Amino acid sequence: MYFGCDYYPEHWPEERWEKDARMMKEAGFNVVRMAEFAWAKLEPKEGQFDFNWLDKAIEILAQYNIKTVLGTPTATPPAWLATKHPVILRVNKWGIRTSFGGRRAYCPNSRIYRTYSEKIVSKMAEHYKDNENVIGWQIDNEFGGDREKGLCYCEQCAAQFRQWLKGKYETLDKLNQEWGTVFWSQTYTEWEQIPLPRGLETAHNPSLLLDYRRFISDSYISYQKLQIDILRRICPHKFITHNFMGLFNAIDYYKLAEPLDFVAWDNYPNLRFTGENKSSVKVSLSHDVMRGLKEKNFWVMEEQSGPSGWQCVDPSPHPGEIRLWTYQAIAHGAEGILYFRWRTSRFGTEQFWHGILDPSGTSRRRYEEIKKIGQELKRLGDKLMGLEFPREVAMLTSYDEQWAFEIQPNNPKFNYQEHFASYYQLLHAWNVPVDVISIQGDLSKYKLLIAPALFLINNELVHNLKEFVKKGGILIVTFRSGIKNWNNVVFDQPLPAKLNDLLGIEVVEYNSLSSMQKGKLELIYPEIEPLKGECDTWCDIIKCREAEIVGRYTESYYKNEACITINRFGQGSAIYIGTNPSPEIKKCLLRWAIEKSGVKPSFQADPEDIEVVLRRKEGKDYLFFLNHSEKSHQVKLDQSCVELLERREYSKDSIMAIEPKGVRIIYRI
Ligand code: GAL
């Protein structure tokens, strides 16, 4: 297992480096990531390269058996480059060029920037290709991060966008037809007339907007490829990864992950003022999304190790929390953990983004906690590596769907990611192991599939879903599915178009609810306990073709009309949830679907705040128990087992106590 931190030796006097390496060794570290923002140190003047300082740092760390992952430094172009070629800087949607001074300010399509990037990456690759202490590369840093989702509206992007469109549609006639440019007199007669979706008082054509998002995503993917090609050619034996950002969705992460050896991501569970304060469930979801990108284990390249903050300081991780987050990551598939950052910087934008050590460099509580984890991981050795994920349930997603909903949320209250998470959360609460995979993933290994809001539909997706259900699977699809084709144009067929026969229904009308409005419904299907409840956001009014009614409205002009249905299709069943039911109703529906599909939770009967994650190795089940609460909990064990952290055996039916923020890892015997 790789265990270490993100290290910026260039921020500290050289005399300190040895002490840092020793302290890292004592904490059990065997890896650091360095240099991902150090372009100005590596190429202080155009064409003048200086690797001495980095060589020295790598060497000192190596003396303590600590390996290095090098970041290519392209997230922060140096001042000399931005001054000489301001055109490398991104232009925002109001036409204003970003100024030098932050980071990630470059345009991924800038030819000049690409040329300079090639130069620095090649130089680094040549310099380190035979250095055995450098084990791998991280390309750039967090593509698309730092405001505006990495979008650029410069002239070069405009020209490239038109090329991209030519590649996709071939003729202008085709583009005009697919986009429906007859609307508002937008028919294009020359490619050069097609605008980037710059600032506008009204809204742009949704098909143009979606293609633009795809284009920008592809731009970063091709910019990454440029670097990967160099590194693969010069250093074929070193791994290549990138640090992704969990639920961040500006780039098609499935495509971005494809050419990499594995995915790494940056996990900050507790950003109260600086970002979203994630629940432990969202963190689990993020890990599962990251694992699903390549359906493979991953690294956490930046794991929170202190209070974060740029302008204000976020709350500190409580004692035990860093350890809990670490094991949560391992439970979900992390095989490398690096804490961000070794020592809190004295200067720069991230002065308040704390690392393991404070600016004073002394070891304190957070260092001691990490050291303890280091000792545990050393003892556990490779036991936690290569554990499989026995999963019977998958949730399906795609970035195209997410972008289409960002362009048109349909209802101000609707948020695709929240909607998705509301189903994930229930599975999580019942310890039902779940994979989150692409709509193009292999569906055959699952018994139950949940496909929330498939707004855009294509033939391949329809075919795969049908095959899955035909062969006996249970599928859940939710409202606003089958509305549009892949070019973001509404179908001219009854909704949910192309899914009508699979779902056995027709949506004859819908009602988009105001934020205060609630609908009322009841479950009336014989296999489910009758239950009355509420719904919000959206109400589809459904006519059943072959499907049976599971739930119906009890109020409004659509009283008694169907809102939830089930359709037998081949050997399986397809369930449609045409509204956003309250949690109680959702719970009831999901429990029913889980039982119906024969899916088993990994562990029954445990207290609510305990997350249980199932893994398997050589036929043995491993269970991670993660107590996210401030309270102690007791768990009754359903089989005799060995606990790996406390190193003790438990007999069947005995009670295992878990302290607040505590972790236990058992394997059943
Ligand atoms: C990450 C980034 C790091 C650091 C950290 C704290 O998003 O990769 O370089 O900036 O956040 O802001």
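Along every chain, residues carry numbers that run from 1 in the direction the sequence is written. The model is predicted, so local features are restricted to residues of pLDDT at least 70 and side-chain atom pairs to those at 80 or more, both for listing and for counting; the totals for chains, interfaces and linings are taken over all residues. Each side-chain value is derived from all of the structure's non-hydrogen atoms; neither hydrogens nor water enter the calculation.

A. Examining a positive patch on the surface more closely. Each patch groups residues whose relative accessible area exceeds 30% and which form no salt bridge, using 9 Å between like charges and 5 Å between nonpolar side chains of Val, Leu, Ile, Met, Phe, Trp and Tyr. With residues, only the protein chains shown are counted as cover, and all accessible areas are computed by Shrake-Rupley using a 1.4 Å probe. By convention in these notes, a salt bridge is any Lys or Arg side-chain nitrogen within 4 Å of a carboxyl oxygen on Asp or Glu. Residues counted as positive are Lys and Arg, residues counted as negative are Asp and Glu, and His and the chain ends are not counted. A single reference atom marks each charge: NZ on Lys, CZ on Arg, CG on Asp, CD on Glu. Judged by side-chain charge, Arg-379, Lys-383, Lys-620 and Arg-647 come together as a positively charged surface patch. With respect to the element layout, Arg-379 can be found in helix α12 (residues 365–380). A run of DSSP states H or I qualifies as a helix once it reaches four residues; a run of E qualifies as a strand once it reaches two. Both are numbered from the N-terminal end.

B. Region of interest: the environment of Ile-251. Within the secondary structure layout, Ile-251 lies in the loop between β6 (243–244) and α9 (253–257). The buried label goes to any residue with under 20% of its type's maximum accessible area, the exposed label to any with over 50%, and the partly exposed label to all in between, with areas taken from a 1.4 Å probe on protein chains only. Since its relative accessible area comes to 1%, Ile-251 is described here as buried. In this structure Ile-251 touches Phe-143, Gly-144, Ser-217, Tyr-220, Ile-221, Leu-256, Tyr-399 and Trp-403, once residues within four positions along its chain are discounted. Note on definitions: a residue-residue contact is assigned when non-hydrogen atoms from the two residues lie within 4.5 Å.

C. Up close: the environment of Lys-282. Relative to the helices and strands, Lys-282 resides in helix α10 (residues 280–294). As for Lys-282 and Glu-418, which are separated by 136 residues in sequence, their C-alpha atoms are 9.8 Å apart.

D. Region of the structure containing the packing of aromatic side chains. Only Phe, Tyr and Trp rings take part, Trp by its six-membered ring, and two of them pair if their centres are within 6.5 Å. Stacked means planes under 30 degrees apart, edge-to-face means over 60, and tilted covers everything else. The tally for this structure, following the rule as stated, stands at 45 aromatic pairs. With a centroid separation of 6.1 Å and an interplanar angle of 75°, the aromatic rings of Phe-29 and Trp-342 are classed as edge-to-face. Linking Phe-29 in the loop between α1 (14–26) and β2 (31–34) with Trp-342 in the loop between β9 (334–340) and α12, this pair joins segments that are 313 residues apart in sequence. On the accessibility criterion, Phe-29 (1% relative accessible area) is buried. Its relative accessible area of 1% is what places Trp-342 among the buried residues. Each residue in the set Trp-39, Tyr-106, Tyr-113, Phe-143, Tyr-220 and Tyr-223 is aromatic and connected to the rest through ring pairs, giving one cluster. The criterion is that NZ of a Lys, or CZ of an Arg, lies within 6 Å of the ring centre and within 35 degrees of the ring normal, and then a charge sits over that ring. Lying across the ring of Trp-53, Lys-41 places its NZ or CZ 5.5 Å from the centre. The ring of Trp-12 carries Arg-343 above its face, with NZ or CZ at 3.6 Å from the centroid.

E. Structural detail: the packing of helix α11 (residues 321–331) against α12. Angular values range over 0 to 180 degrees, each being the angle between N-to-C directions of two axes fitted as lines to C-alpha atoms, with helices fitted over their stretch in contact. Viewed as axis vectors pointing N to C, α11 and α12 meet at an angle of 35°, and their least axial separation amounts to 9 Å. In the crossing of α11 with α12, the sense of the turn from one axis to the other is right-handed. Touching Glu-321, Ile-322, Arg-323, Thr-326, Tyr-327 and Ile-330 of α11 are Arg-366, Glu-369, Ile-370, Lys-372, Ile-373, Glu-376 and Leu-377, all from α12. Following the grouping adopted for this structure description, the nonpolar residues are Ala, Val, Leu, Ile, Met, Phe, Trp, Tyr, Cys and Pro, the charged ones are Asp, Glu, Lys and Arg, and the polar ones are all others, Gly among them. Counted by class, the contact of α11 with α12 contains 6 nonpolar, 1 polar and 6 charged residues. Working rule for handedness: look at the near helix, and if it is turned counterclockwise from the far one by less than a right angle, call the crossing left-handed; if clockwise, right-handed.

F. Summary view of the UniProt feature "binding site: Zn(2+)" (unreviewed entry) in the protein. UniProt positions are given in the numbering used here, feature names are shortened, and annotations may be inferred rather than shown by experiment. The residues that UniProt annotates with the feature "binding site: Zn(2+)" (unreviewed entry) are Cys-107, Cys-152, Cys-154 and Cys-157. Their sequence span is 51 residues, while the largest C-alpha to C-alpha distance among them is just 8.1 Å; these annotated residues converge on one region. Positionally, Cys-152 belongs in the loop between β4 (134–138) and α6 (155–169). The class for Cys-152 is buried, based on a relative accessible area of 0%. Every residue in contact with Cys-152, bar those within four places of it in the chain, is listed here: Arg-90, Val-91, Cys-107, Cys-157, Leu-196, Tyr-212 and Ile-216. Its location among the elements puts Cys-154 in the loop between β4 and α6. If we ignore the near neighbours within four places in the chain, the residues touching Cys-154 are Val-91, Cys-107, Leu-196 and Arg-198.

G. Local environment of the site of the ligand. Only heavy atoms are used to decide nearness, and a residue is near a molecule or strand if one of them lies within 4 Å of it. In the neighbourhood of the ligand, the contacting residues comprise Phe-37, Arg-103, Asn-141, Glu-142, Asn-243, Asp-266, Tyr-268, Glu-302, Trp-310, Phe-340, Glu-350 and Trp-353. What qualifies as a polar contact is a pair of N or O atoms within 3.5 Å, subject to a donor-acceptor requirement within protein and to the restriction that residues adjacent in sequence count only when both atoms come from side chains. In this structure, Glu-302 approaches the ligand through a side-chain N or O atom, which is 2.7 Å from an oxygen atom. Contact distances for the ligand include 2.2 Å between an oxygen atom and a side-chain N or O atom of Glu-350. Calculation on the ligand without its partners gives an accessible area of 300 Å², and the protein chains cover 94% of this total. A breakdown of the residues in the shell around the ligand according to their chemical character gives 5 nonpolar, 2 polar and 5 charged.

H. How the structure looks around the pattern of salt bridges. Throughout the structure, instances matching the rule amount to 48 salt bridges. Of the charged contacts, one joins Arg-104 and Asp-140 as a salt bridge, the two residues approaching to 2.6 Å between their closest N and O atoms. Here Arg-104, found in the loop between α4 (79–84) and α5 (111–128), pairs with Asp-140, found in the loop between β4 and α6; they are 36 residues apart in sequence, far enough to count as distant. We classify Arg-104 as buried; its relative accessible area is 3%. By relative accessible area, which is 0% here, Asp-140 ends up buried. Residues Asp-229 and Lys-225 are paired through a salt bridge, measuring 2.8 Å at the closest nitrogen-oxygen approach. Here Asp-229 pairs with Lys-225, and both are found in helix α8 (residues 206–234), just 4 residues apart, close to one helical turn. Judged by its relative accessible area of 47%, Lys-225 falls in the partly exposed class.

I. Structural view of the sheet that holds strand β27 (residues 663–668). If you walk across this open sheet you meet the 5 strands as β21-β22-β27-β24-β25, and the pairing is antiparallel. Each having just a single partner strand, β21 (610–617) and β25 (648–650) make up the two edges of the open sheet. Sheet twist, expressed as the mean angle between neighbouring strand axes with direction ignored, is 25°. Pairing between strands requires that DSSP locate at least two bridges from one strand to the other.

J. Local environment of the environment of Lys-466. Its place among the elements puts Lys-466 in helix α15 (residues 459–470). Along the primary structure Lys-466 and Gly-572 are separated by 106 residues, whereas in three dimensions their C-alpha atoms are 9.5 Å apart. Non-local contacts of Lys-466, meaning those with residues more than four positions away in its chain, are made with Lys-498, Asp-501, Leu-502 and Phe-569.

K. Representation of the UniProt feature "binding site: substrate" (unreviewed entry) in the protein in the model. Mapped onto this numbering, the UniProt entry annotates "binding site: substrate" (unreviewed entry) at Arg-103, Asn-141 and Trp-310. Looking at the element boundaries, Arg-103 is found in the loop between α4 and α5. Owing to a relative accessible area of 23%, Arg-103 belongs among the partly exposed residues under this scheme. With residues near it in sequence (within four places) discarded, Arg-103 still touches Phe-37, Ala-75, Thr-76, Asn-141, Asp-146, Trp-310 and Glu-350. In this structure, Trp-310 sits in the loop between β8 (298–304) and α11. In this structure the side chain of Trp-310 is engaged in a polar contact, spanning 3.1 Å, whose partner is the side chain of Glu-350.

L. Geometry of the pairing of β21. Burial analysis of β21 places 7 of its 8 residues in the buried class, the great majority of the element. With 8 bridges connecting them, β21 and strand β22 (residues 620–627) associate as antiparallel partners. Considered in β22, the bridge of Arg-616 is made with Asp-621.

M. Geometry of the sheet that holds strand β3 (residues 67–71). Strand order in the open sheet made by the 9 strands is β5-β4-β3-β2-β1-β9-β8-β7-β6, with parallel pairing throughout. Across the chains shown, the open sheet's two edge strands, defined by having one partner strand only, are β5 (239–241) and β6. Examined bridge by bridge, β3 and β4 share 4 bridges and lie parallel to one another. Bridged to Thr-68 within β4 is Val-134. Strands β3 and β4 of the sheet are contacted by α5, whose axis makes an angle of about 165° with β4.

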